[in-house]
Amino acid sequence: MAMRWYVVHAYSGYEKKVATALQERIELHGMQDRFGEVLVPTEEVVEMRGGQKRRSERKFFPGYVLVQMELGDDSWHLVKETPRVMGFIGGTADTPAPITEAEANAILQRVEQGVEAPRPKTLFEPGEMVRVIDGPFNDFNGVVEEVNYEKSRLNVAVLIFGRSTPVELEFGQVEKA
């Protein structure tokens, strides 16, 4: 049987602990041949705190751990009996369904992209009101006209002396109003 990816439902906030506990249990029971990767899907995000750029990790599927494994009674019980695991997602209670290869590849690709190019913590959309918190237009409000995620920049229409003026700003220079 080939290894497939399964989604395990864990207590929210304990995903990393569940992944570590699962890896320890796999070693303890000598079942390394039945299990592949144990993964908490995260991506790196950049946020401004105290005027400095800070990198942090964000889970994009909070409460879930991906496990690559061959499904059998013993491997099913090993995962199910791990502390803080509520069960599998998909299929029935006794026979969980694996996610498709395409879904697994999409998640793995997103994890890799998050490491290479960190995403901004806050996402902006055109038409949204923002407040400028840094630069020459500090304390002005404006409307987002265009968002460029590759360059981490926004085009914002700022009202100056009653007139709408387009300004290009970095993500770190604005906050949601």
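Relevant structure appears above.
Residues numbered from 1 in each chain as written. Predicted model: local features only at pLDDT ≥ 70, side-chain atom pairs only at ≥ 80, totals over all residues. Heavy atoms only, no water.

Undergrad: How do you make sense of helix α2 (residues 73–80) when you look at a structure like this?
TA: Listed as buried for α2 are S75, W76, L78 and V79. All buried residues of α2 lie within an arc of 160° about the axis, which places them on one face of the element. The elements touched by buried residues of α2 are β1 (4–10), α1 (15–28), β2 (35–39), β5 (64–69) and β6 (85–89). (Buried < 20%, exposed > 50% of the residue type's maximum accessible area, 1.4 Å probe, protein only. Helix = DSSP H or I, 4+ residues; strand = E, 2+ residues; numbered from the N terminus. Arc of directions from axis to C-beta. Contact = heavy atoms within 4.5 Å.)

Undergrad: In this structure, what is going on with the pairing of strand β9 (residues 141–148)? I would like to understand it.
TA: Across a regular strand the side chains alternate sides, sitting on one face of the sheet and then on the other. In terms of strand pairing, strand β8 (residues 129–132) meets β9 through 3 bridges, oriented antiparallel. Bridging from a neighbouring strand, M129 pairs with V143 of β9. Examined bridge by bridge, β9 and strand β10 (residues 153–160) share 6 bridges and lie antiparallel to one another. Bridging across to β10, N148 finds its partner in R153. (Pairing = 2+ DSSP bridges.)

Undergrad: Is there a simple way to explain unusual backbone geometry in this structure?
TA: Working note: non-glycine residues mostly have negative phi, and peptide bonds are mostly trans. The phi torsion at R84 lies on the positive side, around 70°, for a residue other than glycine. Inspection of the secondary structure puts R84 in the loop between α2 and β6.

Undergrad: Where do I start with the sheet that holds β8 in this structure?
TA: Two orientations exist for strands paired in a sheet by backbone hydrogen bonds: parallel and antiparallel. Taken in spatial order, the 5 strands of this open sheet run β11-β10-β9-β8-β12, and their pairing is antiparallel. The open sheet has two edge strands, β11 (163–170) and β12 (174–176), and neither has a second partner. Direction aside, the axes of adjacent strands within the sheet are offset by 40° on average. Of the strand pairs in this sheet, β10 and β11 are connected by 8 bridges, and their pairing is antiparallel. Counterpart to R153 in the pairing with β11 is E170. (Axes fitted to C-alpha atoms, helices over the stretch in contact; angles between N-to-C directions.)

Undergrad: What's the story with helix α3 (residues 101–116) in this structure? I'm lost.
TA: For α3, spanning 16 residues, the distance from its first C-alpha to its last is 22 Å, which sits close to the expected 22 Å at 1.5 Å a residue. The set of residues buried in α3 consists of A104, I107, V111 and G114. Seen from one end, α3 has its buried residues packed into an arc of 90°, which puts them on one side. More than 90 degrees from the buried face of α3, the exposed residues found are A102, E112 and E116. (Expected span 1.5 Å × (residues − 1).)

Undergrad: So what exactly am I meant to see when it comes to the environment of R153 here?
TA: Following the sequence through the fold, R153 ends up in strand β10. In sequence terms R153 and A102 are 51 residues apart; their C-alpha atoms lie 31 Å from each other. In this structure, R153 is in contact with E146, V147, N148, E168, L169, E170 and F171, ignoring residues within four places of it in sequence.

Undergrad: What is the right way to read the sheet that holds β5 from this model?
TA: The 4 strands are arranged β2-β5-β1-β6 in an open sheet whose pairing can be described as antiparallel. Taken across any chain shown, the strands that pair with only one partner, and hence form the sheet edges, are β2 and β6. Between one strand axis and the next, the sheet turns through 30° on average, direction left out of account. With 6 bridges joining them, β1 and β5 adopt antiparallel strand pairing. Paired with Y6 across the bridge in β5 is V67. Together, β1, β2, β5 and β6 form the strand contacts of α2, whose direction differs from that of β6 by roughly 135°.

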